[in-house]
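# Examining the three-dimensional arrangement
Spelled out, the chains give:
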Amino acid sequence: MTGRLAGIPGFGIDRVAAAAGDDPGVLRMENLDTDVPPPAAAVEATRRAVGEDDANSYLPFTGTRALREAVAGHVGRGTGLAYDPDTEVVITCGGMEGLFDAVLAVTEAGDEVVLTDPTYAGMVNRVRLAGGEPRLAPLHVEGGEWRLDPDDLRAATGPRARALMLMSPSMPSGAVLDRAAWEAAADLCRAGRWLVYNAAMERILFDGRRPVAAAALPGMRERTLVVGSVSKELRMIGWRIGWVVGPAAVMADVAKAHIYNVVTPTGLTQSGAAAALALPPADVEGAVAEWQRRRDVVLAELDGLPVVRPGGGWSLLLDVTALGLSPAEASERLLRIGRIAATPMTGWGGAVADRHVRFVYSNEPVERLRGMGERVRRSLA
């Protein structure tokens, strides 16, 4: 094994999924999927593209003009900013490729990148693959929800930090960064750092929350790379379409990283992504309402256990160390005794993540989630 990969652990999700097998009685809460269907307009546009010559091509390397225009409009509506689809948008094979391209474009080997603890393992380890060093700002629980303290963010951001890679709502915790956290991040970036913002779930907000557009804060348009995808909000995981949007001066390097990474985004699905981005807000709002119902059922089922209420997203965390178990042991017991597939969060950050298992509530309907509390308690007793 090369040194680049030596410090990167396995993902864990696939091992839990394999152990769960095909048993229909198992609650599948280990993987970030959803059974809420994708938009019908996106499915139909994708069907039409199959067999079209233009959709079966390497070109354009950075995405079709129609999709780049749709993405520029989508990000523009969220930020209130105008972006040039020709020079400030690159279409990628999913959001994770976009994050990797962004990190490659704005950091050198040995640079530090600041993330939260917990955070998505795919984000932490893409920093490592790019030759960077993750630095973690711990989330803490306040009022039953996750919070990023601006002082903790500042403490994690040293002189070698070249970028902050943040997500809100965050995977796997469902943490929603408040205005104070974003203002602190903006201050740090205006001092010469980049913000790589994972916007994949920014509209999946519960309890009436509204997103904060970090790129729209003073001086931040020229310091922010917005990375998004159709996978989460639009439920189009299999389409593998994402994007990076940012200032033209750095987007040429993002495009270069993208082209020499995967060459071209998926041709057959770009028209479907464009169709989905053209839909009115009601499409996403309906899906969010369903995910909030599921979150509320899980919270009610786990009432009294050390679970942290997510402000958005598809998953929540249970502190099993507080119950006297390691995450790996808790995951094994949940599957064997309770028939619940849940992923240990070891390696999804640092000391905070390493206390938890994750429950994904986006892929199980309310009627199946009811009763999970008894199964969890029996498993972890």
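Note that the structure is a prediction, hence the values are computed from the model and not measured.

This part takes up the packing of helix H5 (residues 95–106) against helix H6 (residues 121–129). Describing two packed helices takes the angle between their axes plus the distance from one axis to the other. Put simply, H5 and H6 touch, their axes get as near as 9 Å, and they point 35° apart. The two elements H5 and H6 meet at a crossing, and its hand is right-handed. Contact residues: Met 96, Leu 99 and Phe 100 in H5; Gly 122, Met 123, Arg 126 and Leu 129 in H6. Along the lines of polarity and charge, the residues of the contact of H5 with H6 split into five nonpolar, one polar and one charged.

Excluding glycine, most residues fall at negative phi; most peptide bonds, likewise, are trans. In this structure, the amide linkage connecting Leu 59 to the following residue, Pro 60, adopts the cis form with an omega of -10°. Geometrically, the link from Met 171 to Pro 172 is a cis peptide bond, its omega value of 5° lying close to zero. One non-glycine residue, Arg 235, lies in the positive phi region at around 60°. You can see Arg 235 is positioned in the loop between strand S8 (224–229) and strand S9 (242–245). The class for Arg 235 is buried, based on a relative accessible area of 7%. With a phi angle near 55°, Arg 240 is a residue other than glycine that sits in the positive phi range.

This paragraph deals with the sheet that holds strand S11 (residues 315–319). With antiparallel pairing, the four strands of this open sheet are ordered in space as S10-S11-S14-S13. Where the open sheet ends on each side, the last strands, each with one partner, are strand S10 (307–308) and strand S13 (343–344). Sheet analysis places S13 next to strand S14 (residues 356–360), joined by two bridges and oriented antiparallel. Across the sheet, the residue bridging to Pro 344 is Val 357, located in S14.

In the structure shown here, the tally under the stated rule is three aromatic pairs. Between Tyr 120 and Trp 348, the ring centres sit 5.6 Å apart and the planes meet at 65°, which makes this aromatic pair edge-to-face. A residue pair is termed long-range when its members are at least 10 positions apart, and Tyr 120 in the loop between strand S3 (112–117) and H6 and Trp 348 in the loop between S13 and S14 qualify at 228 residues. Assigned by exposure class, Tyr 120 and Trp 348 land together as buried. Between Trp 182 and Tyr 197, the aromatic rings sit 5.4 Å apart at their centres with planes inclined by 85°, giving edge-to-face as the arrangement. One end of the pair, Trp 182, is in helix H8 (residues 179–190); the other, Tyr 197, is in strand S7 (residues 194–198), and 15 residues separate them in sequence. Each member of the pair, Trp 182 as well as Tyr 197, is classed as buried. Above the plane of the ring of Trp 194 lies Arg 223, whose end atom (NZ or CZ) is 4.5 Å from the centre.

Let us look at the pattern of salt bridges. If the charged atoms of two oppositely charged side chains come close together, the side chains can form a pair. Enumeration according to the criterion identifies 32 salt bridges in this entry. Note that Arg 65 and Glu 69 form a salt bridge whose closest N and O atoms lie 2.0 Å from each other. With Arg 65 and Glu 69 both in helix H4 (residues 65–79) and four residues apart, the pair spans about one turn of that helix. In this structure Arg 65 comes out as partly exposed when scored by relative accessible area, which is 34%. Two residues, Arg 147 and Asp 178, come together in a salt bridge whose shortest N-O distance is 3.7 Å. Of this pair, Arg 147 sits in strand S5 (residues 145–148) while Asp 178 sits in the loop between strand S6 (161–167) and H8, and the two are 31 residues apart along the sequence. Overall, the relative accessible area of 22% leaves Arg 147 in the partly exposed class. Judged by relative accessible area, Asp 178 falls into the partly exposed class, the value being 31%. Connected through shared salt-bridge partners, Glu 145, Asp 207, Arg 209, Arg 295, Asp 296 and Arg 309 make up one network.

How each quantity is defined
Residues numbered from 1 in each chain as written. Predicted model: local features only at pLDDT ≥ 70, side-chain atom pairs only at ≥ 80, totals over all residues. Heavy atoms only, no water. Axes fitted to C-alpha atoms, helices over the stretch in contact; angles between N-to-C directions. Helix = DSSP H or I, 4+ residues; strand = E, 2+ residues; numbered from the N terminus. Left-handed = near helix turned anticlockwise from the far one by under 90°. Contact = heavy atoms within 4.5 Å. Nonpolar A, V, L, I, M, F, W, Y, C, P; charged D, E, K, R; others polar. Buried < 20%, exposed > 50% of the residue type's maximum accessible area, 1.4 Å probe, protein only. Pairing = 2+ DSSP bridges. Phe/Tyr/Trp six-rings, centres within 6.5 Å; stacked < 30°, edge-to-face > 60°. Lys NZ or Arg CZ within 6 Å of the ring centre and 35° of its normal. Salt bridge = Lys/Arg side-chain N within 4 Å of Asp/Glu carboxyl O.

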